2 protein chains.
Amino acid sequence: MAFSPLIDQLVETLRCLPSVGPKSAQRMAFHLLERDREGGFKLAEQLEKTLSGVGRCSSCRTLTEQPRCSICENDKRDKSIICVVETPADVFAFEQSGIYRGLYFVLMGHLSPIDGIGPAEIGISDLLQRLDNEKIKEVILATNPTVEGEATAFYITDQVKAMGIEVSRIAHGVPLGGELEYVDAGTLAHALNGRRVVD
Amino acid sequence: MAFSPLIDQLVETLRCLPSVGPKSAQRMAFHLLERDREGGFKLAEQLEKTLSGVGRCSSCRTLTEQPRCSICENDKRDKSIICVVETPADVFAFEQSGIYRGLYFVLMGHLSPIDGIGPAEIGISDLLQRLDNEKIKEVILATNPTVEGEATAFYITDQVKAMGIEVSRIAHGVPLGGELEYVDAGTLAHALNGRRVVD
């Protein structure tokens, strides 16, 4: 926009947000300027606060403003099970389901040799050290059902089994509420292979 | 999210952005925290700067950091035509087309009695004063082709014609590159009524 460098710069900067292209960024900038300056100022302040205040849990690597996150610190959690996930958002998803009462380990990614992400980058040695120090009975692998996620799960399985600890993988199959017609072939194959006898 | 109030607050605050729901806000917060803290800090700083620095042009009411915007200040523009639009984004759209060389007047909305937006709120008296003071020959109405936009155009037409100044409305019709099959009936009706004889 020729007529305001400050607005141009805001539009450009808003594009650091995921899936925000030039058009959405422009709409956001105009929305804040025309209708919600107060909200915009609050957002600036909160970004500053949260980005400065949030680090990683020293034990599970998830995002938290404490040295150890509230899940690792919670005495009521089952300390003998660790669920391995790729991101803090996955921890959030499991917590929302409310069904899991054990601990987590957050890889912050998955193995991806082409991007230079090896076992060290996703903290595998930290995980193995935890398994060694704490009395862990089971490791649940909940990496994403993608090629990279599966490869990561496979790699961890090898390492953990060598320590004599039980390893499990979350079930893959048809999601609840879906229609079979729209489920992809890979998922259907998983659902068939993983079928259970009905009592 | 039970485990980080700071992240919760950021997710909540991000929802001041248009069309950002709880899921997108969460994705944005995690993206910034995990992958682009630098971008997030820059965004905070730029929001602060732009929202404090940008006000309204004293003459056309568009958003600008100067007392008068660079279009009103530009000596090469045709000062005898004013194009009336609803928002600064519309000015931007016209400027990108590169075809218009006159001035603008930005209503910052449209007449909407139900929301308490009358002629005073969209600056009609400022517009009429400009027409009186400057030697304007033509007013082009480019409000949106919606019920409110049309009503606003109709209202302004009455006022401006009473001053003996020419008023025009931008053409409505089939947009370029579209397929007739997918054009709505109202637009087709406009396109038919506005047809021109081919020389």
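Numbering of residues starts from 1 in every chain and runs along the sequence as written. Each chain takes a letter, starting from A, and each ligand takes a number, starting from 1, following the order in which they are written. Thresholds applied to this predicted model are a pLDDT of at least 70 for local features of residues and 80 or more for the giving and counting of side-chain atom pairs; totals over whole chains, interfaces and linings are not thresholded and use all residues. Where side-chain values are given, they derive from all heavy atoms of the structure, hydrogens and water being excluded.

### Some remarks on the nonpolar core
Generally speaking, nonpolar side chains in soluble globular proteins are found buried as a group. Formed by 70 residues in total, the largest nonpolar core has its most connected members in L17 and L47 of chain A together with L17 and L47 of chain B. As used throughout, domain bounds are those supplied by an automatic or database domain assignment. The two domains that each donate at least three residues to this core are domain 1 (5–53) and domain 2 (76–169) of chain A. The residues touching L17 of chain A, leaving out its near neighbours within four places in the chain, are M28 of chain A together with L17, M28, L32 and L43 of chain B. We define a nonpolar core as any set of buried Ala, Val, Leu, Ile, Met, Phe, Trp, Tyr and Cys residues linked to one another through side-chain atoms lying within 4.5 Å. Relative accessible area decides the class of each residue, using a 1.4 Å probe on protein chains only: under 20% of the type maximum gives buried, over 50% gives exposed, and in between gives partly exposed. Here a residue-residue contact requires only that any non-hydrogen atoms of the pair lie within 4.5 Å.

### Examining the sheet that holds strand 4 (residues 102–106) of chain A
Residues and elements named next belong to chain A. Read across the open sheet, the four strands follow the order 4-3-5-6; overall the sheet is parallel. This sheet does not close on itself; its edge strands, each paired only once, are strand 4 and strand 6 (166–169). For this sheet, the mean inter-axis angle between neighbouring strands, taken without regard to orientation, is 25 degrees. For two strands to be treated as a pair, DSSP must find at least two bridges joining them. Think of it this way: any DSSP run of H or I at least four residues long counts as a helix, any run of E at least two long counts as a strand, and we number them from the N terminus. Note that strand 3 (residues 78–85) and strand 4 share five bridges and pair parallel. Bridge pairing in strand 4 links V85 to V106. A fitted line through C-alpha atoms represents every axis, and for helices the fit uses only the stretch in contact; the resulting angles, taken between N-to-C directions, go from 0 to 180 degrees. Its contacts with the sheet place helix 6 (residues 124–133) against strand 3, strand 4 and strand 5 (138–141), and it is angled at close to 155 degrees to strand 4. Each of strand 3, strand 5 and strand 6 touches helix 7 (residues 147–161); the most contacted strand, strand 6, lies at about 165 degrees to it.

### Some words on the sheet that holds strand 6 (residues 166–169) of chain B
Residue and element names in this part refer to chain B. Taken together, the four strands give an open sheet; going across it, the order is 4-3-5-6, and neighbouring strands pair in parallel fashion. Of all the strands in the sheet, just strand 4 (103–106) and strand 6 have a single pairing partner and so form its edges. Strand-to-strand twist across the sheet, computed as the mean angle between neighbouring axes with direction ignored, equals 25 degrees. With four bridges joining them, strand 3 (residues 81–85) and strand 5 (residues 138–141) adopt parallel strand pairing. Across the sheet, the residue bridging to I81 is E138, located in strand 5. On top of the sheet, helix 6 (residues 124–133) reaches strand 3, strand 4 and strand 5; it is set at about 155 degrees to strand 4, its chief contact.

### Examining the interface of chain B and chain A
Across the contact, 54 residues belong to chain B and 54 residues belong to chain A. Overall, the association of chain B and chain A removes approximately 5200 Å² of surface from exposure, summing both partners, and the carbon and sulfur fraction of that is 73%. The term salt bridge refers to a side-chain nitrogen of Lys or Arg lying within 4 Å of a carboxyl oxygen of Asp or Glu. Taken together, the connections running from chain B to chain A amount to zero salt bridges. Here a polar contact is recorded for every N or O atom pair within 3.5 Å, except that within protein the pair must consist of a potential hydrogen donor and a potential acceptor, and residues adjacent in sequence are included only if both atoms are side-chain atoms. Inspection of the region where chain B meets chain A yields 16 residue pairs in polar contact (both at pLDDT 80 or more). Broken down by secondary-structure element, the contributors of at least two residues to the side of chain B that touches chain A are helix 1 (5–14), helix 2 (22–35), helix 3 (37–53), strand 2 (63–64), helix 4 (70–73) and helix 5 (88–97) of chain B. It is helix 3 of chain B that provides the largest number of residues to the side of chain B that touches chain A, a total of 15 residues. When its residues are assigned to classes, the side of chain B that touches chain A shows 29 nonpolar, 17 polar and eight charged. As a working definition, buried area equals the accessible area (1.4 Å probe) given up by two parts on being put together, with both sides summed. Note on residue categories: nonpolar means Ala, Val, Leu, Ile, Met, Phe, Trp, Tyr, Cys or Pro, charged means Asp, Glu, Lys or Arg, and polar means any other residue, Gly included.

### Some points on the environment of A29 of chain A
All names here are of chain A. Residue position: A29 is located in helix 2 (residues 22–35). Note on A29: relative accessible area 0%, which makes it buried. In this structure the C-alpha to C-alpha distance between A29 and A185, which are 156 residues apart in sequence, comes to 43 Å. Setting aside chain neighbours within four positions, we find A29 in contact with L10, V11 and L14.

### What to know about the packing of helix 3 (residues 37–53) of chain A against helix 3 of chain B
Between helix 3 of chain A and helix 3 of chain B, the least distance of the axes is 9 Å, while the angle of their chain directions is 150 degrees. Of the possible angle classes, the one that applies to helix 3 of chain A and helix 3 of chain B is roughly antiparallel. The element helix 3 of chain A and its partner helix 3 of chain B pack so that their crossing is left-handed. Residues R37, G40, F41, L43, A44, L47, E48, L51 and S52 of chain A of helix 3 of chain A lie in contact with helix 3 of chain B, whose contacting residues are R37, G40, F41, L43, A44, L47, E48, L51 and S52 of chain B. A class-by-class count of the residues in the contact of helix 3 of chain A with helix 3 of chain B yields 10 nonpolar, four polar and four charged. Any angle that is under 35 degrees is reported as roughly parallel, and any over 145 degrees as roughly antiparallel; angles of 65 to 115 degrees are reported as roughly perpendicular and all others as oblique. By definition, any crossing whose near helix is turned counterclockwise from its far helix by less than a right angle is left-handed, and any crossing with a clockwise turn is right-handed.

### Side note on the domain arrangement of chain A
The domain boundaries assigned to chain A delineate domain 1 (5–53) and domain 2 (76–169). On a C-alpha basis, the centroid separation for the pair domain 1 of chain A and domain 2 of chain A is 35 Å.

### Quick word on the UniProt feature "domain: Toprim" (unreviewed entry) in chain A
UniProt positions are given in the numbering used here, feature names are shortened, and annotations may be inferred rather than shown by experiment. UniProt feature "domain: Toprim" (unreviewed entry): in the numbering of this structure it lies at residues 80–175 of chain A. Between the end C-alpha atoms of residues 80–175 of chain A the distance is 28 Å, and the span holds 36% helix and 20% strand.

### Notes on the relation of the copies chain B and chain A
Superposition of the copies used a least-squares fit over C-alpha atoms from residues whose pLDDT is at least 70 in both. When chain B is fitted to chain A, the residual RMSD is 0.1 Å, and the transformation amounts to a turn of 180 degrees plus an axial shift of 0.0 Å. Put plainly, the chains are arranged around a two-fold axis. Among all residues of chain B, the one whose C-alpha sits closest to the rotation axis is A44 of chain B, at a distance of 2.0 Å. A high fraction, 100%, of the interface residues of chain B reappear at the interface in chain A, so the copies pair face to face through one surface.

### Points about a nonpolar patch on the surface
All names here are of chain A. Only residues above 30% relative accessible area that lack a salt bridge enter a patch, with like-charged residues linked at up to 9 Å and the nonpolar side chains Val, Leu, Ile, Met, Phe, Trp and Tyr linked at up to 5 Å. We get accessible surface area from the Shrake-Rupley algorithm with a probe of 1.4 Å; when it comes to residues, only the shown protein chains can shield them. A cluster of nonpolar residues, V174, L180 and L188, forms a patch on the protein surface that exposes about 230 Å² of accessible area. Of note, L180 is situated in the loop between strand 6 and helix 8 (185–193). Residue class for L180 comes out exposed when judged on its relative accessible area of 54%.

### Things to note about the pattern of salt bridges
Residues and elements named next belong to chain B. As enumerated under the stated definition, the model contains 11 salt bridges over all chains in all. One salt bridge in this structure joins R35 and E34, with 3.9 Å as the shortest N-O distance. Put simply, E150 and R169 hold a salt bridge, and the shortest N to O gap is 3.4 Å. Of the two residues, E150 is situated in helix 7 (residues 147–161) and R169 in strand 6; the sequence distance between them amounts to 19 residues.

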